[in-house]
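If you want the building blocks of each chain, they are given just below.
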Amino acid sequence: MIIILGFTQSDRAADYISFSDGYRVGARQVTVTIALEGDGSQYSAEDWAEAAFVASNYPGQAPAGPARAIQLALAEQVDHPLRSLSVGDTVTAHGQMWACESNGWRRVEPAQPGETE
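Structure report, in brief. (Residues numbered from 1 in each chain as written. Predicted model: local features only at pLDDT ≥ 70, side-chain atom pairs only at ≥ 80, totals over all residues. Heavy atoms only, no water.)

**Comments concerning the pattern of salt bridges**
What counts, and what does not: Counted as salt bridges are all cases of a side-chain nitrogen of Lys or Arg within 4 Å of a carboxyl oxygen of Asp or Glu.
Summed over all chains, the structure comprises 4 salt bridges. Of the charged contacts, one joins Asp-89 and Arg-83 as a salt bridge, the two residues approaching to 2.6 Å between their closest N and O atoms.

**Quick look at the side chain of Thr-92**
Definition in use: Secondary structure elements are defined from DSSP: runs of H or I of at least 4 residues count as helices, runs of E of at least 2 residues count as strands, and each element is numbered from the N terminus. Here a residue-residue contact requires only that any non-hydrogen atoms of the pair lie within 4.5 Å.
Inspection of the secondary structure puts Thr-92 in strand S3 (residues 90-93). Other than its neighbours up to four places away in sequence, Thr-92 contacts Ile-2, Ile-3, Ile-4 and Met-97.

**A short note on the sheet that holds strand S4 (residues 96-101)**
The criterion, for reference: By this definition, two strands are paired if DSSP reports at least two bridges between them. To define axes, lines are fitted to C-alpha atoms, for helices over the stretch in contact only, and angles between the resulting N-to-C directions are given on a 0 to 180 degree scale.
Spatially, the 5 strands line up as an open sheet ordered S2-S1-S3-S4-S5, and their pairing is antiparallel. Of all strands in the sheet, those with a lone pairing partner are strand S2 (29-35) and strand S5 (104-108), marking the two edges. Adjacent strand axes in the sheet meet at a mean angle of 25 degrees when their direction is disregarded. Against the sheet, helix H3 (residues 66-77) touches strand S1 (2-8) and S2, its axis set at about 105 degrees to S2.

**Topic: the nonpolar core**
Cut-off, in case you're wondering: The criterion is simple. A nonpolar core is a set of buried Ala, Val, Leu, Ile, Met, Phe, Trp, Tyr and Cys residues joined through side-chain atoms within 4.5 Å. Throughout this description, buried means an accessible area under 20% of the type-specific maximum (1.4 Å probe, protein chains only), exposed means over 50%, and partly exposed covers the range between.
The biggest cluster of nonpolar side chains holds 25 residues, and the ones touching the most others in it are Ile-3, Leu-5, Ile-34, Leu-36, Ile-70 and Val-91. Only S1, S2, helix H2 (45-57), H3, S3 and S4 provide two or more residues apiece to this core. Considering every element that reaches this core, the biggest residue donor is H2, with 6 residues. If sequence neighbours within four positions are ignored, Leu-5 has contacts with Val-30, Thr-31, Val-32, Ala-52, Leu-74, Leu-85, Thr-90 and Val-91. Ranked by size, the runner-up nonpolar core spans 5 residues in total, among them Tyr-23, Ala-27, Ala-99 and Val-108.

Laid out in structure tokens, this is it:
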């Protein structure tokens, strides 16, 4: 199972602050890819996104299950410090991208050819 965490960068020159404006298609991101054992099919992509949020924000060891698996994978596979996932950041699992919002998750649909935002 592959999970991609997208830490969105604000663009103050373009009047865009990810923490308050949320995710925008085309926003600059620093991405981190982790691999977990198994195919992860017992959880939806949105469930994996929530688990990644819990894993990155939990003080100490995350609860058993997908959040702990992600937390351990981050500790083992990422060799630089990361900030916690927050509003404007994304998680991609099962080929679906989910954007963190102030009240949950929003699926980011792939852009159609010729479409801009």
